[in-house]
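A structural walkthrough
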Number of protein chains: 4
Amino acid sequence: MPATTPEVKAALETIFAGDSEIYRERGFQRRIGYGTRPALLVIDMANAWTRPDYPFTCDNMEEIIPANRALLAAAREKRIPVVFTSTAYRNPTGPHPDTGLWHLKIPTEILSEGSEATAIDDRLAPEPGEQVILKKRASAFHGTWLAGYLRAQRVDTVIVTGVTMAGCVRHSVEDAIADGFRPIVVREAVGDRVPGAVEWNLFDIDAKFGDVEPLENVLSYLNNLPALAND
Amino acid sequence: MPATTPEVKAALETIFAGDSEIYRERGFQRRIGYGTRPALLVIDMANAWTRPDYPFTCDNMEEIIPANRALLAAAREKRIPVVFTSTAYRNPTGPHPDTGLWHLKIPTEILSEGSEATAIDDRLAPEPGEQVILKKRASAFHGTWLAGYLRAQRVDTVIVTGVTMAGCVRHSVEDAIADGFRPIVVREAVGDRVPGAVEWNLFDIDAKFGDVEPLENVLSYLNNLPALAND
Amino acid sequence: MPATTPEVKAALETIFAGDSEIYRERGFQRRIGYGTRPALLVIDMANAWTRPDYPFTCDNMEEIIPANRALLAAAREKRIPVVFTSTAYRNPTGPHPDTGLWHLKIPTEILSEGSEATAIDDRLAPEPGEQVILKKRASAFHGTWLAGYLRAQRVDTVIVTGVTMAGCVRHSVEDAIADGFRPIVVREAVGDRVPGAVEWNLFDIDAKFGDVEPLENVLSYLNNLPALAND
Amino acid sequence: MPATTPEVKAALETIFAGDSEIYRERGFQRRIGYGTRPALLVIDMANAWTRPDYPFTCDNMEEIIPANRALLAAAREKRIPVVFTSTAYRNPTGPHPDTGLWHLKIPTEILSEGSEATAIDDRLAPEPGEQVILKKRASAFHGTWLAGYLRAQRVDTVIVTGVTMAGCVRHSVEDAIADGFRPIVVREAVGDRVPGAVEWNLFDIDAKFGDVEPLENVLSYLNNLPALAND
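Residues numbered from 1 in each chain as written. Chains lettered and ligands numbered in written order. Predicted model: local features only at pLDDT ≥ 70, side-chain atom pairs only at ≥ 80, totals over all residues.

**Focus on the relation of the copies chain B and chain C**
Defined as follows: In superposing the copies, a least-squares fit is computed on C-alpha atoms, taking residues whose pLDDT is at least 70 in both. Once C-beta atoms have been placed from the backbone, residue pairs whose C-beta atoms lie within 7 Å are recorded as contacts.
With an RMSD of 0.0 Å, the operation that places chain B on chain C is a rotation of 180° combined with a shift of 0.0 Å along the axis. One copy is carried onto the other by what is essentially a two-fold rotation axis. Taking the C-alpha atom as reference, chain B places B:Arg151 closest to the rotation axis, 3.3 Å from it. Same-surface contact between copies: 100% of interface residues of chain B are shared with the interface of chain C.

**Observations concerning the relation of the copies chain A and chain B**
Taken as rigid bodies, chain A and chain B are interconverted by a rotation of 180° and an axial shift of 0.0 Å, the fit giving an RMSD of 0.0 Å. Of the interface residues in chain A, 100% have counterparts in chain B that sit at the interface too, so the contact is made through matching surfaces.

**Quick notes on the interface of chain A and chain B**
Put simply, the test is: For helices the rule is a DSSP run of H or I covering at least 4 residues; for strands it is a run of E covering at least 2, with both sets numbered from the N terminus onward. Each residue gets one of three labels, nonpolar for Ala, Val, Leu, Ile, Met, Phe, Trp, Tyr, Cys and Pro, charged for Asp, Glu, Lys and Arg, and polar for the others, Gly among them.
Contacts between the two partners involve 43 residues from chain A and, on the opposite side, 43 residues from chain B. Secondary-structure elements contributing two or more residues to the side of chain A that touches chain B are helix 1 (6-26), helix 5 (168-178) and helix 6 (197-208) of chain A. Element by element, the count of residues in the side of chain A that touches chain B is highest for helix 1 of chain A, at eight residues. Among the residues making up the side of chain A that touches chain B, the classes are represented as 21 nonpolar, 11 polar and 11 charged.

**Here we look at the interface of chain B and chain C**
With 11 residues of chain B in contact, the opposing surface of chain C contributes 11 residues. Among the elements that take part in the side of chain B that touches chain C, helix 4 (residues 146-152) of chain B stands out by supplying five residues, more than any other. Of the residues that constitute the side of chain B that touches chain C, the class distribution is five nonpolar, two polar and four charged.

**What to know about the sheet that holds strand 3 (residues 131-135) of chain C**
The strands making up a sheet associate through hydrogen bonds between their backbones, and the pairing can be parallel or antiparallel. Residue and element names in this part refer to chain C. This is how it is decided: The criterion for strand pairing is that DSSP finds at least two bridges linking the strands in question. To obtain each axis, a line is fitted to C-alpha atoms, and for helices this fit is confined to the stretch in contact; angles are then taken between N-to-C directions over 0 to 180 degrees.
With respect to topology, six strands assemble into an open sheet ordered 3-2-1-4-5-6, the strand pairing being parallel. Since the sheet does not close on itself, it has two edges, and those belong to strand 3 and strand 6 (211-213), each with one partner. Strand-to-strand twist across the sheet, computed as the mean angle between neighbouring axes with direction ignored, equals 25°. In the sheet, strand 1 (residues 38-43) pairs with strand 2 (residues 82-87) via four bridges, with the strands oriented parallel. Within the sheet, the bridge partner assigned to Ile43 lies in strand 2 and is Thr85. Relative to strand 5 (residues 182-191), helix 3 (residues 61-77) is tilted by about 140°, and along the sheet it contacts strand 1, strand 2, strand 4 (157-163) and strand 5. Seen against the sheet, helix 7 (residues 215-223) touches strand 4, strand 5 and strand 6 and runs at an angle of roughly 130° to strand 5.

**Notes on the confidence of the model for chain A**
For clarity, the threshold we go by: Scored between 0 and 100, pLDDT is the confidence that the predictor attaches to each residue.
Looking at chain A as a whole, the pLDDT averages 96, with 97% of positions reaching at least 70. The complex model carries a pTM of 0.97, and its ipTM stands at 0.97.

**Points about the packing of helix 5 (residues 165-178) of chain D against helix 6 (residues 197-208) of chain D**
Residues and elements named next belong to chain D. Here is the rule we go by: Reported orientations rely on four angle classes, namely roughly parallel under 35 degrees, roughly antiparallel over 145, roughly perpendicular from 65 to 115, and oblique for the rest. Note: crossing handedness is left-handed where the near helix turns anticlockwise from the far helix by less than a right angle, and right-handed where it turns clockwise.
Relative orientation of the contacting elements helix 5 and helix 6 amounts to 15°, with a least axis distance of 10 Å. If you check the angle between helix 5 and helix 6, you find them roughly parallel. As for the relative orientation of helix 5 and helix 6, their crossing is right-handed in sense. Residues Met165, Ala166, Arg170 and Val173 of helix 5 form the contact with helix 6, whose own contacting residues are Ala197, Val198, Asn201, Leu202 and Ile205. Across the contact of helix 5 with helix 6, the residue classes break down as seven nonpolar, one polar and one charged.

**Comments concerning helix 1 (residues 6-26) of chain C**
Residue and element names in this part refer to chain C. As a reminder, the rule being used: In this analysis, the expected span of each helix is defined as 1.5 Å times one less than the number of residues it contains. Residues with at least 20 neighbouring C-beta atoms inside 10 Å of their own are called buried, those with 12 or fewer are called exposed, and the rest are partly exposed, where every C-beta is derived from the backbone.
Compared with the 30 Å implied by 1.5 Å per residue over 21 residues, the 30 Å span of helix 1 between its first and last C-alpha is a close match. Taken together, the buried positions of helix 1 are Val8, Ala11, Leu12, Ile15, Phe16, Asp19 and Tyr23. Where helix 1 terminates, the next one or two residues include Gly27, which has phi positive at roughly 95°.

**With respect to the environment of B:Arg187**
All names here are of chain B. Within the element layout of this structure, Arg187 appears in strand 5 (residues 182-191). Assessed through the 19 C-beta atoms surrounding it within 10 Å, Arg187 is described here as partly exposed. Between the alpha carbons of Arg187 and Ser115 there is a distance of 29 Å; along the sequence they are 72 residues apart. Apart from the residues lying within four places of it in its own chain, the contact partners of Arg187 are Leu202, Val212, Glu213, Pro214 and Leu215.

**As for the sheet that holds strand 6 (residues 211-213) of chain A**
All names here are of chain A. Ordered by their spatial adjacency, six strands build an open sheet running 3-2-1-4-5-6, and the pairing between neighbours is parallel. One side of each edge strand has no neighbouring strand; the edge strands of this open sheet are strand 3 (131-135) and strand 6. Between one strand and the next, the sheet's axes are offset by a mean angle of 25°, whatever the strand orientation. When strand 1 (residues 38-43) meets strand 4 (residues 157-163), the two strands line up parallel, connected through six bridges.

**Some details on the pairing of strand 5 (residues 182-191) of chain A**
A regular strand carries its side chains on alternate faces of the sheet. Residues and elements named next belong to chain A. Defined as follows: Here a crossover is taken to be right-handed if, once the strands point away from the viewer, the path from the first strand over the helix to the second is traced clockwise.
Within strand 5, eight of the 10 residues are buried, which leaves the element mostly enclosed by the surrounding structure. Pairing analysis gives six bridges linking strand 4 to strand 5, with the strands arranged parallel. If you follow Val163 over to strand 5, its bridge partner there is Gly191. You can see the chain leave strand 4, run along helix 5 and come back into strand 5, and the turn it takes is right-handed. With three bridges connecting them, strand 5 and strand 6 associate as parallel partners. If you follow Val185 over to strand 6, its bridge partner there is Val212.

**Things to note about unusual backbone geometry**
A cis amide bond links B:Val163 with the next residue in sequence, B:Thr164, at an omega value of -10°. Examined against the element boundaries, B:Thr164 turns out to sit in the loop between strand 4 (157-163) and helix 5 (165-178). At A:Asp44, a position not held by glycine, the phi torsion is positive, near 55°. With 29 C-beta atoms packed within 10 Å, A:Asp44 lands in the buried category. Phi angles above zero are rare outside glycine, and D:Arg79 is one such case at about 55°. Topologically, D:Arg79 is positioned in the loop between helix 3 (61-77) and strand 2 (82-87). Note on D:Arg79: 16 C-beta atoms within 10 Å, which makes it partly exposed.

So this is what it looks like as structure tokens:
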């Protein structure tokens, strides 16, 4: 099943064309560009999102998984920092739950720490030394040590992939630029579970928060970087 | 000029109907509900957004301004905390600008601290004792003292209004729930500058981050609250 | 071995007496007081700090452990939120380490995630449903989801225990008040590894950031609270 | 009046000598070192702290002011980012005050935004384009946009000066390293209002959070830097 039907896509393209005219005329949709020290941030590519039959299951994994594998290979080749996130709770259904208030909106009850659901998909298995952040909220930055970590590594650019565009990816990108990093979102490497959500959120992000780039450009950027020292 | 044409609205409604089916079947779109200690958060209702002829000018002020006035009156009646934000920079075009990286995406160059552009619209003038936060990024919470302030006031619910839905309002709502507050977004009191942006972002928020409520409900909630002591 | 010799204690008491005169005359050393919804925050009572022969080993555990046990029993009786922290790293000695810059100051190399060193001391074993935050920095709040979590539980007061006073406890208390919570530090339940550090840091905190209280008072406060519902 | 009498100083030196032995033997008190892109952070050098007869008045301004002037001159010569802070409130004594909970510990009631008390001392007057952050809490980072700003400028090192060592300077330094910046505290450029507070807090910081350096070294570091471009 495609994430978004041709009809939905066409309707959205028409809207975006009109909106883009307004944005461009007013000085939005500028390019933030690539910096010189990127990190790769892979958001919530855990089984509950990447495999069938979970409430969180997303579409289009046949494209998204290979795109993420290609990015991981390029990032590892240049030894840039790689950070995975998953969303996982110690007591999602108990008293004083670490879900905070989020269980009042979405089905966090299935996201137990240590479960198969919250483990990173093994097609994208983290290598030793790569970071895995078990976050509690949508953003990879909010309530985590990510921003301080990336700054300690002198990172200036965050290549963002994963799911979902209407949730964790979008909030992470908004936080990334607010935290002083250039967000680059890889179009083929992000997904969602409802038609239109990928397209609309990429459109908003590209207008205001970060650059949406095709996989080919991002791979070419990474391949042309000098390898980082292991510091 | 309406923010969103009937054609755009109709196309989006069709998409939302399909998406809502998926969301509901999967356990999203739950109600977060109202708490017992609200604050009113009025985002970026400054002249650059509420008056004509700025790059940031938004639509539909003839509805949004009265809705905000009604909410302010109700909030003041009950003495709940009221917080305004504006986005303003000390040196938006100088060296090491406080725009951070945001001038690389949007026209921050016109948002000088102390300018008419960044002053709160006087139809919504803050009263003495109400807070005005001059933020540098999209979210009213990110890089500000808002979360700590609201916690010190024992606030549990944030009534959110203002502009823009695709930018500052959305990011603020995502942060609000992550910071432990129930976000209630008032449909008639929020806006944007491009067709469809209000509708899509309200849809995403209502699915995952906070409740989108009609003005009437929110006024009724406020009117039924006991007045807060001046503590 | 006592944490602080009588000579050191006497020298410090003389200094504190003089300093307190200045503080009181100027309006510092006020009482923040207890609120109505506390949480118990037990900082870094993991084996590397509570057991002998680690670089991080602290003194006075014969008093600190029983004090913490008494507080845990009282907190559990009233079902208030209990949060433990430990400081632990996924790759403390590898490339791009999650120690950030901290290994450049202190011996983080022994604090591997999953090691005996970083496990909570089993004399204070967390019960199911209690939170355990593996932090990367000194503060229990900085770079963690703690503040958002406590606010979601409508907590207004944080009872703070653990180690070290010159490091993680102090930074956590400073953050707690900044984040809008009343910090209460329990004198008999905190420690350090160098003479004078407990005394000096409690003195600074009591002057400016939170109330330093004897165990007896805190137990009496907890015992007089109504039990929280399991919400 | 000297900040700390020779007797106090001698008692503290004896304690520090013993404590340093423990720290060194255990692998603390390491050097974090200087990076390549510093910023200068001047904390709360506003009249309420630098001039006589305020509750916040600090000692030793005859040394601290010239040290800060020398650092400002060196920083401006190399066009590195300069950030001043003051602590100031919009309604320090009104309802729902922006003091949060801090008025329950210290005399925030005299720190009104726009007052002479909270203005930066004109012997250290900010130049156009330099940032002035009016913070509400102790840390220059907590509840402010400072970390995101410094990252956007690719800063890796924060030269810290100002007052007070037991309050705002200490909390800022703890946050700086947590946020991924190398803190360098300039011994002659920091102060406090009670005897011993400068010495003890510098001792704790140097053991765990940042390097305490003499003015001469810091000036020499700055003078040997290449000038930054105005980007």
